[in-house]
Amino acid sequence: MAGRRVVIVGPAHPLRGGGMSTFNERLALAFQEAGDEVEIVSFSLQYPSFLFPGKSQFTSEPAPEGITIKSLINSVNPISWVRTGNYISRQKPDLVIFRYWLPFMGPALGTIARLIRRNRYSRILAITDNVVPHEKRPGDVPFTKYFLRACHGFLTMSRAVQQDLQRFEPNKLNLYLPHPLYDNFGPAESKTDACAALRLDPNVKYLLFFGFIRAYKGLDLLLEAMAIPALQAIPDLKLLIAGEFYEDAKPYRDLIEKHGLQDRLVLRTDFIPNVEVRHYFCAADLVVQPYKHATQSGVTQVAYHFDKPMVVTNVGGLSELVPHGEVGYVVEPKPEAIAASILDFYTSAKAEVFAQNISRYKTRFSWNRFVEAVYELAGKV
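Attention here is on the structure that accompanies the text. Predicted model only: the values in this text are computed from it and were never measured.

Time to look at the packing of helix α7 (residues 219-226) against helix α12 (residues 335-348). For the pair α7 and α12, interaxial distance at closest approach is 8 Å and the crossing angle is 60°. When the axis of α7 is compared with that of α12, the two are oblique. In this structure, the crossing between α7 and α12 has a hand that is right-handed. Between α7, through Leu221, Leu222, Glu224 and Ala225, and α12, the contact on the second element is made entirely by Pro335, Ile338, Ala339 and Ile342. Tallied by class, residues from the contact of α7 with α12 come to 7 nonpolar, no polar and 1 charged.

Quick look at the environment of Thr111 now. For Thr111, the position within the fold is in helix α3 (residues 106-117). For Thr111, a relative accessible area of 15% puts it in the buried group. In this structure, the C-alpha to C-alpha distance between Thr111 and Phe365, residues 254 residues apart in sequence, is 33 Å.

If you look at the biggest cluster of nonpolar residues, it comprises 67 residues, and the most contacted ones within it are Leu27, Phe31, Leu208, Phe210, Phe281 and Val374. Residue contributions to this core peak at 8 residues, all from helix α14 (residues 367-378). Here this core gathers at least three residues from each of two domains, domain 1 (5-180 + 366-380) and domain 2 (191-363). Leaving out residues up to four positions away in the same chain, Phe31 has contacts with Val6, Ile8, Asp36, Val38, Leu95, Ile97, Val371, Val374 and Tyr375.

Quick look at α3 now. A rise of 1.5 Å per residue sets the reference length of α3, with its 12 residues, at 16 Å; its end C-alpha atoms lie 16 Å apart and thus fit the reference within 8%. Within α3 the residues assigned to the buried category are Gly106, Pro107, Ala108, Leu109, Gly110, Thr111, Ile112, Ala113, Leu115 and Ile116.

Before going further, it helps to spend a moment on a positive patch on the surface. A surface patch of like charges, here positive, comprises Arg114, Arg117, Lys145 and Arg149. What makes Arg117 partly exposed here is its relative accessible area of 32%.

So, about the packing of aromatic side chains. One pass over the full model with this rule turns up 20 aromatic pairs. Note on Phe245 and Tyr252: the rings are 5.7 Å apart at their centroids and 40° apart in plane angle, and the pair reads as tilted. As far as burial versus exposure is concerned, Phe245 and Tyr252 are alike and both buried. For the ring pair Phe345 and Tyr346, a centre distance of 5.0 Å and an interplane angle of 80° mean the geometry is edge-to-face. Tyr346 carries the same exposure label as Phe345, and that label is buried. Among the aromatic residues, those joined into a ring-pair cluster are Tyr329, Phe345, Tyr346 and Phe354.

Within a sheet, each strand pairs with its neighbour through backbone hydrogen bonds, oriented either parallel or antiparallel. Pairing is parallel in the open sheet, where 6 strands are placed in the order β10-β9-β8-β11-β12-β13. The open sheet terminates on both sides in strands that have one partner only, identified here as β10 (265-268) and β13 (328-331). Direction aside, the axes of adjacent strands within the sheet are offset by 20° on average. Examined bridge by bridge, strand β9 (residues 237-242) and β10 share 4 bridges and lie parallel to one another. Looking across to β10, one finds that Leu239 is bridged to Leu265. Seen against the sheet, α12 touches β8 (205-210), β9, β11 (286-289), β12 (310-313) and β13 and runs at an angle of roughly 160° to β13.

Attention shifts here to the pattern of salt bridges. One pass over the structure, following the stated rule, counts 13 salt bridges. The closest approach of N and O atoms between Asp183 and Arg26, which form a salt bridge, is 2.7 Å. Linking Asp183 in the loop between β7 (174-176) and α6 (191-198) with Arg26 in helix α1 (residues 19-33), this pair joins segments that are 157 residues apart in sequence. Between Asp344 and Lys350 there is a salt bridge, and its shortest N-O distance comes to 3.0 Å.

Our next topic: the sheet that holds strand β4 (residues 95-100). On the basis of which strands lie adjacent, the open sheet formed by 7 strands has the order β3-β2-β1-β4-β5-β6-β7 and parallel pairing. Where the open sheet ends on each side, the last strands, each with one partner, are β3 (68-74) and β7. Shown here is a sheet whose adjacent strand axes are inclined to one another by a mean of 25°, direction ignored. Here strand β2 (residues 37-45) runs beside β3; their pairing, made up of 6 bridges, is parallel. The residue of β3 that forms the bridge with Glu39 is Thr68. The strands touched by α3 within the sheet are β1 (5-9), β2, β3, β4 and β5 (123-128), with β4 carrying the most contacts at an inclination of about 170°.

Reading guide: rules and limits
- Residues numbered from 1 in each chain as written.
- Predicted model: local features only at pLDDT ≥ 70, side-chain atom pairs only at ≥ 80, totals over all residues.
- Heavy atoms only, no water.
- Axes fitted to C-alpha atoms, helices over the stretch in contact; angles between N-to-C directions.
- Helix = DSSP H or I, 4+ residues; strand = E, 2+ residues; numbered from the N terminus.
- Parallel < 35°, antiparallel > 145°, perpendicular 65-115°, else oblique.
- Left-handed = near helix turned anticlockwise from the far one by under 90°.
- Contact = heavy atoms within 4.5 Å.
- Nonpolar A, V, L, I, M, F, W, Y, C, P; charged D, E, K, R; others polar.
- Buried < 20%, exposed > 50% of the residue type's maximum accessible area, 1.4 Å probe, protein only.
- Core = buried A, V, L, I, M, F, W, Y, C linked by side-chain atoms within 4.5 Å.
- Domains from an automatic or database assignment.
- Expected span 1.5 Å × (residues − 1).
- Patch = residues over 30% accessible without salt bridge, like charges linked within 9 Å, V, L, I, M, F, W, Y side chains within 5 Å.
- Areas by Shrake-Rupley, 256 points an atom, 1.4 Å probe, with all protein chains shown as cover.
- Salt bridge = Lys/Arg side-chain N within 4 Å of Asp/Glu carboxyl O.
- Lys, Arg positive; Asp, Glu negative; His and termini not counted.
- Charge placed at Lys NZ, Arg CZ, Asp CG, Glu CD.
- Phe/Tyr/Trp six-rings, centres within 6.5 Å; stacked < 30°, edge-to-face > 60°.
- Pairing = 2+ DSSP bridges.

In structure tokens, the structure reads:
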């Protein structure tokens, strides 16, 4: 099945794109390693500035080596949609993989997919990160339907999204594939070295909340948990918050002040470049994902790569990837439950056992396995 032409349509360098740019670039490498010719078609404009919640849509990091990226799509300019669709269609790639995560992108990506289909050759799959978005807006349903109807088949990285997808497209093939490991942030390093890189005290116990800060990710629940007396009583325990605010920071700062948590937190609330990611995970003892609702999260797969145990909440697809009591904890999205798991971690001395289990469990999340499954689905649609 190798030796195909593959086009991935979605965010890539120089867009930050959260974990999506990193995922798309790593997926491109996986296809290349399988012997395919790969190109990523990305965005020249992903979001109009009034819709983008962060400080900048672009990164200053160097482009990934060995990957062809063309920034062609302007999400609000239909002329660019037509040009992009015709460009890809003329190439007649064997396989086109769209990333779909937001209904706002439905008109652009749906139009591009329809134009590609005119070549009557390319198979079009979509990795649907979300079908029902985290924050609902007018137009969500028609925009999503418009895109999904243009695809031949779908991949989801959580059972929850697979169920959502079934309601929209019950008669098209879809495949559940767990999110592969993020193994492209470099090798693990010692806590001492990681703390030195971040100018942190290596003798402190660090919890890590990592990623863009949005309401659904539940940082407020974790801050409330940090105020619970049982956690206050753990000496030298701090919460390391690493990620940019994608909404108003005031409610979080008010919570911090209300509970007097200033000395229990390390705030690194700027965008975290890829070259620094490993420092944050290797400095931490435990990665906490206190989400209120979710589909899947790439943070889980970064934690797996660095053999870090996790606390995740029992929402969406998070619990599918974290066996409770083996590699971490699955708890209800409540401050008391989150605090209880953190307390158990430090009082029961489970770090070493969890790390050993993680090193075995994570082998199932390989990129080779992911690519082989994509090939299999493409052969059926």
